[in-house]
Amino acid sequence: MQLSDNLHTETCWEIAEHAFDAQQLVTNGSNYMVGNGYLGYRGTFSEWTRDQYVGCVVTDTYDTADGKWKELCTVPNALFLSASVNGQRVDALSGTLTTYRRSLDLQHGVHTRTMQWNNGSVSAEITDSRFASMDNLHVIAARCRIEATGPISITLGIDGDIWSLNGDHFRADAPTVAPAVADDHLLVECVTGEHGVRIAVAHAFSVAGVEPVRVRTEITGTRSVMRTLEFAADVPAIEMETVMAVYTSNDGVDPVGAARDAVRSAVAEGYTQLFERHSARWDEVWRRSDIEIDGDPFAQTLLRFNTYHNIIATPAHTDHLPIGARGLSCQAYQGAAFWDQEIFNLPMFLYTEPEVARNILMYRYKTLDGARKKARDLGYRGAFYAWVSGDTGEEICPSYFFVDVLSGRKIRNHFNDWQIHISPDIAYTVRRYVAVTGDRRFMKDYGAEMLFEIARFLHSHCYYKPEKDRYEFIRLLGPDEYHENVDNNSFTNFMARHALRIACEAWDELGEWAPDAREALAYRLDLTEGEVIRWRETAERIFVRPPDPETGHIEQFDGFFGLEDVSPAALKERLIEPGEYWGWPNGIAVETQVSKQADVLQLFVLHPDAYSTEVMRANYDYYEPRTQHGSSLSYSVYATVAAWVGYSDEAYDYFVRSATVDLFNTGKAVSGGTFIGGIHTAACGAVWQIVVMGFVDARMEDGALKLSPRLPARWKSVRLFLSIRGSLLRVTVTHESVDVENDAIATASATVTVFGVTEQVAPGSRCSILIGASI
């Protein structure tokens, strides 16, 4: 079926284009990328270079090259392969393409390109494919077939001319080994400038059936090494396989030896065998992550595209690295974690692969010292988590993130010191993780310490207003990033109160079932009962703005309703330059009620039982026409709330908008002079949430799974997997019923409630609840 003008799918397990568009190099490089959580290789063509945004981004390689931006490194491209026919280079950007198809197999993460190319009297047909192995995360395997009307020569190897957003991250004179040229492999080593991380990139190839008549090798500098293979004029077609391996000194091995051994082994094993093991791993992942939608192949494809990208962006193999806001699609947003990680990326893993969710939270535990340092540096106690967090957890968000495109002057934003909701967001997720998984050991060993230090920070940040007998939070920046330096942001205040309360609950619970552990932790943190009492008292006096008794509206922050009331479309007309930043301190939105993204509604999504449907509907009606959706995170929030309040058409529309931010290229590539392109990984994770939390309305309530489904009219059914407290549930939702089956290998029964009807589902059993009867 046709997804858009130049985007198609046949099975809902792939996306494909049939016309080459040179204007979409950045977008398609991200959309068609392959990856595995350790590395990401952009969806570019083998003959391309840095000018076409070729990039392989590798985790745990953080480096600062320009004195401002700490980011992950793009490494030399060891899959470079360029064919020439009768001396003419075959390139999608030159000549004429008589046929063309490029696809991404979402089921097994394979990028494939087929094209018939001609340039005058010379023509060639190329089919190539590649995948980033899910079996050996350090390896990318590729296969290519070239058929031509003249003599073929092929140049292949390691291209060290790297596309990097913010400078050259590698020392010019520091590799410990020179580029290696051996009969069975090529290898280069780079060393990062800031921390001296060694990165080895190796290449190997094989040719099926024929031997080249001549082989030439060329080394350029310390990063590039190529071989040119010339074949006899009577050889009409060449089939070859190439492999690339990347290891760093942060992987705990000798990177040079490991990369060399990996390509030798991989090329000997061959593409087909490598793919068999790789695809088996993907099958395991999809058994838990896939959601089947019957009746809407368009939505099905969008959902799988976004789920795929959420998976390959996540370093599931480790517990000390974050999910980058652009994943491994490029270096934008520094390969670092924001609040996106816990609020948008993590929930899918929480309910499908809880061990991955645990790894993500362990990353926050392991970066607790970075959060403590940030709090100390700003004059607070406890843990103030970094707004932009890399490998250490120290703040790497620049104070000057954007540039005023009118004056060329830097803009001082306060994402890194006023956006305090990051800490209670993490506290919220710790509690949510334990509620869904029942993992009390995590709470005892790690979670409680995080909660206590976050509570300390919030207690030291709020201030008491005696004339109102309440605590307030001032000089804030909420989810709506256009409005900085505001007081009592409703989302932030509510989340802060919640974080203090759950810290006190954790103190009490540990006292009941792990008193020795609590005593040891209290001693290590110098935490007393008296301090916890102060948290309790503070939590109950934090100002949380109630809905207006007449309108039901919740004011976003002090004075918001007094700002100019104008629509985003009308406000846009005031721009002098299209690239202007709309927000603080002097953007066009600052003195208006136009919000960058969902703010008050974000509160509803995280705390759906705290407000009535009527209050949610009233605030949806108020804020929806005033929200610009300048963040890709916004659409999913509006989709979810719209589903809850009965706006089914709007919910579906926002679902599509959220799911096509990348696929239809609706996001911004540049904002305020800063490149922010690449895959919007949080929006990808959020699409899963729209379906499960929005349309199916799955919630945890007192250890039970509560479902109140409101499927779009065009959907016949939804089938999904949920892992909850040892139960392994296959849930099928239609407009008439909900069926729940608990796998026989599950270790616990599940309590399931559908519109007030409750059933117990033991391992190996199932239940069916009629929706009409329930309502």
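Numbers given to residues run from 1 along each chain, matching the order in which its sequence is written. In keeping with the predicted nature of the model, local features appear solely for residues at pLDDT of at least 70, side-chain atom pairs appear and are counted solely at 80 or more, and the whole-chain, interface and lining totals rest on all residues. Think of the side-chain values as coming from all heavy atoms in the structure, minus any hydrogens and water.

## Quick word on the sheet that holds strand S36 (residues 750-754)
Right, so step 1: Strand pairing is assigned whenever DSSP identifies at least 2 bridges connecting the two strands. We count a stretch as a helix when DSSP gives it H or I for four or more residues in a row; a strand needs E for two or more, and each element gets its number in order from the N terminus. Taking strand neighbours across the sheet as the criterion, the 4 strands line up as S31-S32-S36-S37 in an open arrangement whose pairing is mixed. With partners counted over all chains shown, the strands left at the sheet margins are strand S31 (698-701) and strand S37 (757-761), one partner each. Pairs of neighbouring strands in the sheet enclose a mean axial angle of 25°, with direction left out of account.
Right, so step 2: Examined bridge by bridge, S31 and strand S32 (residues 704-707) share 4 bridges and lie antiparallel to one another. By the bridge assignment, Arg699 is partnered in S32 with Lys706. Interaxial angles span 0 to 180 degrees and are taken between N-to-C directions of axes, which are lines fitted to C-alpha atoms, for helices over the stretch in contact.

## Quick word on the pattern of salt bridges
Right, so step 1: Salt bridges are counted wherever a side-chain nitrogen of Lys or Arg sits within 4 Å of a carboxyl oxygen of Asp or Glu. The tally for this structure, following the rule as stated, stands at 53 salt bridges.
Right, so step 2: Across the salt bridge formed by Arg214 and Glu230, the nearest N and O atoms sit 3.7 Å from each other. Pair noted here: Arg214 is in strand S19 (residues 214-220) and Glu230 is in strand S20 (residues 224-230), with a separation of 16 residues, a long-range link.
Right, so step 3: Relative accessible area serves as the criterion here: at 48%, Arg214 is assigned to the partly exposed category.
Right, so step 4: Whether a residue is buried, partly exposed or exposed follows from its accessible area with a 1.4 Å probe, protein chains only, as a fraction of its type maximum: under 20%, in between, or over 50%, in that order. With a relative accessible area of 23%, Glu230 lands in the partly exposed category.
Right, so step 5: Note that Arg626 and Asp565 form a salt bridge whose closest N and O atoms lie 2.8 Å from each other. Of this pair, Arg626 sits in the loop between helix H15 (613-623) and helix H16 (634-644) while Asp565 sits in the loop between helix H12 (529-539) and helix H13 (568-572), and the two are 61 residues apart along the sequence.
Right, so step 6: On the basis of relative accessible area, Arg626 is assigned to the buried category, the value being 15%.

## Examining helix H6 (residues 354-366)
Right, so step 1: The span one expects for a helix is its residue count, reduced by one, times 1.5 Å. Between its first and last C-alpha, H6 extends 18 Å over 13 residues, near the 18 Å set by a 1.5 Å rise per residue.
Right, so step 2: Structurally, H6 contributes buried residues whose contacts are with helix H3 (271-289), helix H5 (340-352), helix H7 (368-377), helix H8 (422-437), helix H9 (440-461) and strand S33 (717-724). Whether two residues are in contact is decided by their heavy atoms: any pair within 4.5 Å suffices.

## Focus: the sheet that holds strand S4 (residues 34-35)
Right, so step 1: On the basis of which strands lie adjacent, the open sheet formed by 3 strands has the order S4-S5-S6 and antiparallel pairing. Taken across any chain shown, the strands that pair with only one partner, and hence form the sheet edges, are S4 and strand S6 (56-58).

## Concerning a nonpolar patch on the surface
Right, so step 1: A contiguous nonpolar patch, built from Val405, Leu406 and Ile576 and spanning about 270 Å² of accessible area, is present on the exposed surface.
Right, so step 2: Relative to the helices and strands, Leu406 is located in the loop between strand S23 (402-403) and strand S24 (410-411).
Right, so step 3: Its relative accessible area of 43% is what places Leu406 among the partly exposed residues. Residues with no salt bridge and a relative accessible area higher than 30% make up the patches, which join like charges within 9 Å and nonpolar side chains (Val, Leu, Ile, Met, Phe, Trp, Tyr) within 5 Å. Accessible surface area values rest on a Shrake-Rupley calculation with a 1.4 Å probe, where residue burial reflects the displayed protein chains alone.

## Examining the layout of surface pockets
Right, so step 1: Cavities and pockets are defined on a 1 Å grid built over the protein atoms alone: a cavity is a set of grid points where a 1.4 Å probe fits but cannot escape, while a pocket is an open set with protein on both sides within 12 Å along at least five of seven lines, and lining residues are those with an atom within 4 Å of any such point. Grid points are joined across faces, edges and corners, and a volume is the space filled by probe spheres set on the points. Each pocket or cavity is described by its volume, and for the largest pocket that value is around 880 Å³.
Right, so step 2: Forming the walls of the largest pocket are 35 residues, and the residues nearest its centre are Tyr428, Arg431, Arg432, Ala435 and Met700.
Right, so step 3: Contributing elements (two or more residues each) for the lining of the largest pocket: H8, H9, helix H10 (490-513), helix H14 (600-606), helix H18 (681-695) and S31.
Right, so step 4: In terms of residue count, H10 provides more of the lining of the largest pocket than any other element does, 8 residues in total.
Right, so step 5: Three residue categories are used. Nonpolar comprises Ala, Val, Leu, Ile, Met, Phe, Trp, Tyr, Cys and Pro, charged comprises Asp, Glu, Lys and Arg, and polar comprises the others, including Gly. A per-class count over the lining of the largest pocket returns 17 nonpolar, 5 polar and 13 charged.

## Quick look at the side chain of Ser723
Right, so step 1: Considering the arrangement of structural elements, one finds Ser723 in strand S33.
Right, so step 2: Not counting residues up to four positions away in its chain, the partners in contact with Ser723 are Arg288, Leu350, Tyr351, Pro354, Val436 and Leu728.

## So, the pairing of strand S9 (residues 77-85)
Right, so step 1: Of all 9 residues that make up S9, 9 are buried, and the element is covered over most of its length.
Right, so step 2: Taken together, the 7 bridges between S9 and strand S15 (residues 152-159) define a ladder with antiparallel strand orientation. Residue pairing in the sheet places Leu81 in a bridge with Leu156 of S15.
Right, so step 3: Sheet analysis places S9 next to strand S10 (residues 88-89), joined by 2 bridges and oriented antiparallel. Paired with Ser84 across the strands is Arg89, a residue of S10.
Right, so step 4: Hairpin connection of S9 to S10: 2 residues between the antiparallel strands, including Asn86 at a positive phi of 55°.

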